[in-house]
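# Coordinate inspection notes
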Amino acid sequence: MISEQIATEIVKISPDGRNDNALRRAGDILRRGGLVVFPTETVYGLGANARSADACARIFAAKGRPQDNPLIVHVASPADAEEFCFTTPLYYKLAEAFMPGPITVIMPSRGVIPKEVTAGLDSVGVRCPSHPVAHHLLVAAGLPVAAPSANLSGRPSPTSADHVIADLFGRVDMIIDGGDADIGLESTIVKINEEGLILLRPGAVTYDALLCVCEKVSIAPAVTDPLSEEERPLSPGMKYRHYAPKAPLFLLEGNDEARRSFMIEKIASGENCLFLCYEEEMTLPGLKALSIGKKSDFETQGRRLFACLREADAAGVQCIYAPMPPRSGMGLALYNRLIRAAAHQVISL
Ligand code: AMP
Ligand code: MG
């Protein structure tokens, strides 16, 4: 389905505040089957009534999203998931520890949420966002709200209203501008199974934090490794090339010294390239670079990564280089996004 041009209203709401009039109208739009973009603590979401196949079909059309990539369902309170999921005690342990917050839990579906939303799967992903604007919107709508990231499919997820406007203006009914996203990387996704949890997508709720709630947490191979063509991923979104800038991206595996030598070499060669760098590396003379934050500051790196990838796109370079993040803590979430943006191209220094 091709998305037709529609009138998009942009409303500004302070990140910690509420604007009852605007939120009431946004709730009305959702109840009538329209599309509302809203800020969350992770990235901006593109919301529609999760009970309506027609409303959610508009999400896929607006984003150009493949039909077999399911949508996450957002709720105002963890217990709201009872309507459409078979919950377990482990879900409530996760909810107590991490909700509202940046985690999505996949559980068996009761069949209330249309197959179009779950991409034919018999499970549903549930998320209860902590962003006050997202929370007030969910309360105003009085519905579960299906919402993927509010970007055109394949583009980096949006962490500011400007990113959303660049991708979706004219394709959605309303965009709520609530300022820059705090975390900047999408939610951690876990699936509950008989043994415990499978981590399908790392995020701000880290593997170690999950271990505090559940003894058995396994990491899906697709979090770190490329998928073979035949492999059916547990989470269909994992098979798509994501977050990809237009120019090829390479991750640099090596220590600070080796990376610095590589940069000096590239500056001397005159290659039309851009480096995503740590703050500490920005002083190198002649270097064309964007800072993703201090080397040890993973929170800032998470917050800036997608904006840097969009800026790198706009720079019109032939090639982009970025440092390889560590595969632990919040570094695992950065690694997961960067390795896919790089289509697994790594240069060992
Ligand atoms: P996005 O909202 O754009 O961050 O994408 C949502 C992600 O959640 C995708 O990677 C989906 O594959 C995943 N997801 C949503 N629902 C399910 C589900 N029922 N089972 C497995 N993965 C899911
Ligand atoms: Mg997305």
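Look above for the structure.
Presented here is an overview of the structure given in this document. (Residues numbered from 1 in each chain as written. Chains lettered and ligands numbered in written order. Predicted model: local features only at pLDDT ≥ 70, side-chain atom pairs only at ≥ 80, totals over all residues. Heavy atoms only, no water.)

So, about the overall build of the protein chain. Scanning the protein chain for helices and strands turns up ten helices and 16 strands. Computed over C-alpha atoms, the radius of gyration of the protein chain comes to 20 Å, within 12% of the 20 Å expected from 2.2 N^0.38 for 349 residues, which places it in the range of a compact globule. In terms of its C-alpha atoms, the protein chain occupies a principal-axis envelope of roughly 60 × 50 × 40 Å. Across the 349 residues in the protein chain, those meeting the buried criterion constitute 56%. Summarising the internal contacts of the protein chain: among those between residues at least 6 apart in sequence, 67% fall at separations of at least 24. In the form shown here, the protein chain has an accessible surface area of approximately 14600 Å², with 51% of it arising from carbon and sulfur atoms. Each charge class in the protein chain was averaged separately, 35 positive and 41 negative side chains, and the resulting centres sit 3 Å apart. (Helix = DSSP H or I, 4+ residues; strand = E, 2+ residues; numbered from the N terminus. Rg over C-alpha atoms; globule rule 2.2 N^0.38 Å. Buried < 20%, exposed > 50% of the residue type's maximum accessible area, 1.4 Å probe, protein only. Contact = heavy atoms within 4.5 Å. Areas by Shrake-Rupley, 256 points an atom, 1.4 Å probe, with all protein chains shown as cover. Lys, Arg positive; Asp, Glu negative; His and termini not counted. Charge placed at Lys NZ, Arg CZ, Asp CG, Glu CD.)

Quick look at the packing of helix α9 (residues 298-314) against helix α10 (residues 331-341) now. Where α9 contacts α10, the axes come no closer than 10 Å and their chain directions differ by 20°. Taken together, α9 and α10 sit at an angle that is classed as roughly parallel. As for how α9 packs across α10, the hand of that crossing is left-handed. Residue-level inspection shows F298, Q301, G302, L305, F306 and L309 of α9 in contact with α10, the latter providing G331, L334, R337, L338 and A341. In terms of residue class, the contact of α9 with α10 is built from seven nonpolar, three polar and one charged. (Axes fitted to C-alpha atoms, helices over the stretch in contact; angles between N-to-C directions. Parallel < 35°, antiparallel > 145°, perpendicular 65-115°, else oblique. Left-handed = near helix turned anticlockwise from the far one by under 90°. Nonpolar A, V, L, I, M, F, W, Y, C, P; charged D, E, K, R; others polar.)

On to the pattern of salt bridges. Here the structure, examined in full by the defined rule, presents 17 salt bridges. Ionic pairing is found between D28 and R31, a salt bridge with its closest N-O pair at 2.4 Å. Of the two residues, D28 and R31 are both situated in helix α1 (residues 20-31); the distance of three residues between them amounts to about one turn of the helix. Accessibility expressed as a relative area gives 28% for D28, which makes it partly exposed. (Salt bridge = Lys/Arg side-chain N within 4 Å of Asp/Glu carboxyl O.)

Time to look at the sheet that holds strand β11 (residues 217-219). Taken in spatial order, the eleven strands of this open sheet run β1-β8-β2-β3-β7-β4-β6-β5-β9-β10-β11, and their pairing is mixed. Each of the sheet's edge strands pairs with one partner strand only, and the pair in question is β1 (9-12) and β11. As paired strands, strand β3 (residues 45-49) and strand β7 (residues 145-146) are joined by two bridges and run antiparallel to one another. Counterpart to N49 in the pairing with β7 is V145. Packing against the sheet, α1 makes contact with β1, β2 (36-38), β3, β7 and β8 (174-177), and its axis sits at approximately 145° to β8. (Pairing = 2+ DSSP bridges.)

This next bit is on the sheet that holds strand β13 (residues 273-278). Strand order in the open sheet made by the five strands is β14-β13-β15-β12-β16, with parallel pairing throughout. The open sheet is flanked by β14 (289-293) and β16 (346-348), the only strands paired with a single partner. Across the sheet, the axes of successive neighbouring strands diverge by a mean angle of 25°, strand direction being ignored. Both β13 and strand β15 (residues 319-323) contribute to a ladder of three bridges, which runs parallel. Bridge pairing in β15 places C273 opposite C319. Across the face of the sheet, α9 comes into contact with β12 (249-253), β13, β14 and β15 while running at roughly 160° to β14.

What follows concerns helix α2 (residues 53-63). If you check which residues of α2 are buried, you get A55, C56, I59, F60, A61, A62 and K63. Considering only its buried residues, α2 is in contact with β3, α4 (115-118), β7 and α6 (161-168). Two residues or fewer after α2 comes G64, characterised by a positive phi angle close to 70°.

Let's shift gears to unusual backbone geometry. Glycine aside, residues mostly have negative phi angles, and peptide bonds mostly take the trans form. Following M99, the chain continues into P100 via a peptide bond in cis, with omega recorded as -5°. One can find P100 in the loop between α3 (89-98) and β5 (103-108). A positive phi is found at A343, a non-glycine position, where the angle reads about 50°. Position of A343 relative to the elements: it lies in the loop between α10 and β16. Here A343 falls in the partly exposed class, since its relative accessible area comes to 39%. One non-glycine residue, H344, lies in the positive phi region at around 65°. H344 sits in the partly exposed class, given a relative accessible area of 27%.

This part takes up the environment of D167. You can see D167 is positioned in helix α6. The buried category is assigned to D167, whose relative accessible area is 5%. As a C-alpha pair, D167 and A7 span 160 residues in sequence and 14 Å in three-dimensional space. Here R155 takes part through its side chain, which lies 3.5 Å from a polar atom of the side chain of D167. (Polar contact = N/O pair within 3.5 Å; in protein donor to acceptor, adjacent residues only side chain to side chain.)

Next up on the list: the side chain of T40. Checked against the element boundaries, T40 lands in the loop between β2 and β3. On the accessibility criterion, T40 (3% relative accessible area) is buried. A polar side-chain atom of T40 sits 2.7 Å from the main-chain carbonyl oxygen of V43. Separated by 3.1 Å, the side chains of T40 and R127 make a polar contact. For T40, the contacting residues outside a window of four places in its chain are G45, R127, P129, H131, A134 and A181.

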